[in-house]
Amino acid sequence: QVQLVESGGGLVQPGGSLKLSCEASGFTLDDYAIGWFRQAPGKEREGVACITSTSGDGSTYYEGSMKGRFTISKDNANNRLYLQMNQLNPADPAVYYCAADNTWEHCREAAWNYWGKGTLVTVSS
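Since the model is a prediction, treat every value here as computed from it, not as a measurement.

Draft legend 1. Main features of unusual backbone geometry. Here Asn79, not a glycine, exhibits a phi torsion of approximately 50°, which is positive. Along the chain, Asn79 falls in the loop between strand 7 (70–75) and strand 8 (80–85). Residues other than glycine seldom take positive phi values, yet Gln87 does so here, at roughly 50°. One can find Gln87 in the loop between strand 8 and strand 9 (94–101).

Draft legend 2. Quick look at the sheet that holds strand 7. A sheet is described by the order of its strands in space; here four strands give the open sequence 1-3-8-7, paired in antiparallel fashion. The sheet is open, and its two borders are formed by strand 1 (3–7) and strand 7, each paired with just one other strand. For this sheet, the mean inter-axis angle between neighbouring strands, taken without regard to orientation, is 15°. Examined bridge by bridge, strand 3 (residues 18–25) and strand 8 share six bridges and lie antiparallel to one another. Paired with Cys22 across the bridge in strand 8 is Leu81.

Draft legend 3. How the structure looks around the environment of Thr60. By the secondary structure assignment, Thr60 is in strand 6 (residues 60–62). Taking the C-alpha atoms as reference points, Thr60 and Cys107, 47 residues apart in sequence, are found 7.7 Å from one another. For Thr60, the contacting residues outside a window of four places in its chain are Cys50, Ile51 and Ile72.

Draft legend 4. Broad picture of the state of the cysteines. Scanning the entire structure with this criterion turns up two disulfides. Disulfide pairing is shown between Cys22 and Cys98; the S-S distance is 2.0 Å. With the S-S dihedral at roughly 55°, the linkage between Cys22 and Cys98 falls on the right-handed side. With Cys22 in strand 3 and Cys98 in strand 9, this residue pair connects regions lying 76 residues apart in the sequence. Here Cys22 falls in the buried class, since its relative accessible area comes to 1%.

Draft legend 5. Representation of the pairing of strand 8 within the structure. In the sheet, strand 7 pairs with strand 8 via six bridges, with the strands oriented antiparallel. In the sheet register, Lys74 faces strand 8, and the bridge partner there is Leu81. With antiparallel pairing between neighbouring strands as the criterion, strand 7 and strand 8 make up a hairpin whose turn holds four residues, including Asn79 at a positive phi of roughly 50°.

Draft legend 6. Highlighting the side chain of Asp101. Mapped onto the elements, Asp101 comes out in strand 9. For the buried Asp101, which has no salt bridge, the nearest side chain bearing the opposite charge is Arg108, at an N-O separation of 13 Å. There is a polar contact of 3.0 Å between the side chain of Asp101 and the backbone nitrogen of Ala111. Within the structure, the side chain of Asp101 is placed 2.8 Å from the side chain of Asn113, a separation counted as a polar contact. Beyond its immediate chain neighbours, meaning those up to four positions away, Asp101 contacts Tyr32, Ala33, Ala110, Ala111, Trp112 and Asn113.

Analysis parameters
Residues numbered from 1 in each chain as written. Predicted model: local features only at pLDDT ≥ 70, side-chain atom pairs only at ≥ 80, totals over all residues. Heavy atoms only, no water. Helix = DSSP H or I, 4+ residues; strand = E, 2+ residues; numbered from the N terminus. Pairing = 2+ DSSP bridges. Axes fitted to C-alpha atoms, helices over the stretch in contact; angles between N-to-C directions. Contact = heavy atoms within 4.5 Å. Disulfide = S-S within 2.5 Å. Buried < 20%, exposed > 50% of the residue type's maximum accessible area, 1.4 Å probe, protein only. Lys, Arg positive; Asp, Glu negative; His and termini not counted. Salt bridge = Lys/Arg side-chain N within 4 Å of Asp/Glu carboxyl O. Polar contact = N/O pair within 3.5 Å; in protein donor to acceptor, adjacent residues only side chain to side chain.

Structure follows, in structure tokens:
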């Protein structure tokens, strides 16, 4: 069965960096759209970045506030998804989730049927 397990969250100072990891099992990353989302306390979940399946065009997408600071990547051989976060600021604290969907459509059109439990990122001085 499809499973997603995030790790790598923690406490960082403003301007610091973290690299989140998502271990995927039960499916092959090449065949799925994958992405990162986040949800701050009292706020709605929002998209962070995603990658279209290799069966599609493999394109990446970043939400505006993450462009130039965050980098999404994947290791197909090891079924892992990563989110490198740099220049973290007080707007970034949230629970970060990885998600997947079995579609070749552009990742922005994915239904995101599968989700991990999330990993907490805290930004504080």
